[in-house]
Amino acid sequence: MENRLQDSFPDRVYRAVAQQSPDWLWIFDDAGTPIGISPKQWAGQSLYRLVHDENLEALKQACRVLLRERQPFLLMLQAVMPDGARLWLEVRGFPVHVEEGHVAAAVSARDITPYKQQEERLTRLAYYDALTGLPNRRLFQDRFMQAMHIAKRYHHKLGILYIDLDDFKRINDKYGHSVGDELLTAAASRLSHSIRDPDTVCRMGGDEFVVLVQQVDQTDDMIKIGRRISEALRQPFDIGGHHIRISSSIGAALYPQDGYDGETLLQCADNAMYASKQLGKNQFRFFTDPEA
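Here the structure is a predicted model, which is why all the values come from computation and not from measurement.

1. Considerations on the overall build of the protein
Link 1 in the chain: A tally of regular secondary structure across the protein gives nine helices and 12 strands.
Link 2 in the chain: The buried share of the protein, reckoned over its 292 residues, is 43%.

Shown next as structure tokens:
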């Protein structure tokens with residue numbers, strides 16, 4: 001019954017159905033290049049022309065193995081459309097038994113861009129602060145573990161700067177929380193522009209920020225970054241028609257002398273920051289300083 005049903009449809013019917021499918025389909029030519037047969041706009045076009053350069057070699061290798069060893073594959077790739085738009089594709093390669101003793105191969109793909117965009121949104125919610133866009137505590141811990149692994153391997157020091165905006169509650173009380181939120185966002189931007197490329201600034205919550213300083217050669221490196229941050233934050237902010245000035249109290253801790261894990265170093269830097277506030281605010285202190 002199945003064979004009689006298949007025999008009743010000419011090839012053009014199968015082609016028409018394939019061209020109306022939301023999935024894309026390619027078959028291999030004699031040179032081993034996947035050539036599109038659906039949808040219509042990709043008929044005769046090579047899949048390789050669409051795939052982003054970063055993913056192209058992985059796809060070509062998977063296709064070579066498919067043709068040589070009949071091994072199926074599943075990849076997620078970025079494609080670049082002729083209009084410049086980028087899509088995420090779920091790409092499957094599979095052998096096709098055409099007739100007895102002869103096996104061909106094909107590649108199908110479907111657009112999973114909406115799913116990837118949702119995945120990226122969820123990742124941002126999990127690892128980034130919603131207000132400022134900075135990495136959050138969770139991402140800080142991940143990056144600290146990576147940085148510590150490198151520091152151990154190459155015998156580098158790491159540094160943590162704990163930053164608290166002085167008298168931020170006064171800003172909220174005087175101008176309102178919406179102005180306070182804009183101030184936090186603007187301060188976060190200045191912090192991001194005050195650090196070196198390898199370093200990371202995170203928002204820990206409220207008006208507290210942390211900078212992970214990688215490859216610290218000497219304590220002067222920390223002092224220089226701390227001064228740059230302090231100076232950037234002291235410059236006046238124009239927010240909502242208000243001319244606002246703030247300062248910051250900064251505490252510093254170093255790996256490995258002050259601790260071997262992120263939580264310990266955070267606590268040491270936090271203690272040093274608290275000592276800065278006790279000394280009159282707008283100060284910079286190391287955890288090992290006598291005042292801390």
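2. Digging into the pairing of strand β8 (residues 208-216)
Link 1 in the chain: Burial within β8 is extensive, with seven of its nine residues counted as buried.
Link 2 in the chain: Bridge count for strand β6 (residues 157-165) against β8 is seven bridges, and the pairing is antiparallel. Among the inter-strand pairings, G159 is bridged to a residue of β8, identified as V213.
Link 3 in the chain: A loop of two residues connects strand β7 (residues 200-205) with β8, the two strands running antiparallel in sequence, and G206 in this loop sits at a positive phi of about 60 degrees.

3. Re the pattern of salt bridges
Link 1 in the chain: This model, assessed by the stated rule, comprises 13 salt bridges.
Link 2 in the chain: Each of E90, R92 and R110 takes part in salt bridges that share partners, so that together they form one network.

4. Observations regarding the side chain of S247
Link 1 in the chain: Relative to the assigned elements, S247 resides in the loop between β10 (242-244) and β11 (248-255).
Link 2 in the chain: Residue S247 is classed as buried on the basis of its relative accessible area of 17%.
Link 3 in the chain: At a separation of 2.7 Å, a polar atom in the side chain of S247 contacts the side chain of D166.

5. Description of the packing of aromatic side chains
Link 1 in the chain: Applying the stated criterion to the full structure yields four aromatic pairs.
Link 2 in the chain: Consider the rings of Y255 and Y260, whose centres lie 6.1 Å apart with planes at 90 degrees: the pair is edge-to-face.
Link 3 in the chain: The class of Y255 is buried, set by a relative accessible area of 4%.
Link 4 in the chain: For Y260, a relative accessible area of 56% translates into the label exposed.
Link 5 in the chain: With centroids separated by 5.3 Å and ring planes inclined at 85 degrees, the aromatic side chains of F284 and F286 adopt a geometry described as edge-to-face.

6. Focus: the sheet that holds β6
Link 1 in the chain: An order of β7-β8-β6-β11-β12 is seen for the five strands of this open sheet, with the pairing classed as mixed. This sheet does not close on itself; its edge strands, each paired only once, are β7 and β12 (284-286). Neighbouring strand axes in the sheet, compared pairwise and without regard to direction, differ in orientation by 20 degrees on average.
Link 2 in the chain: Looking at chain direction, β6 and β11 are connected through eight bridges and run antiparallel. The partner of G159 across the bridge, within β11, is L254.

Reading the values: the criteria
- Residues numbered from 1 in each chain as written.
- Predicted model: local features only at pLDDT ≥ 70, side-chain atom pairs only at ≥ 80, totals over all residues.
- Heavy atoms only, no water.
- Helix = DSSP H or I, 4+ residues; strand = E, 2+ residues; numbered from the N terminus.
- Buried < 20%, exposed > 50% of the residue type's maximum accessible area, 1.4 Å probe, protein only.
- Pairing = 2+ DSSP bridges.
- Salt bridge = Lys/Arg side-chain N within 4 Å of Asp/Glu carboxyl O.
- Polar contact = N/O pair within 3.5 Å; in protein donor to acceptor, adjacent residues only side chain to side chain.
- Phe/Tyr/Trp six-rings, centres within 6.5 Å; stacked < 30°, edge-to-face > 60°.
- Axes fitted to C-alpha atoms, helices over the stretch in contact; angles between N-to-C directions.

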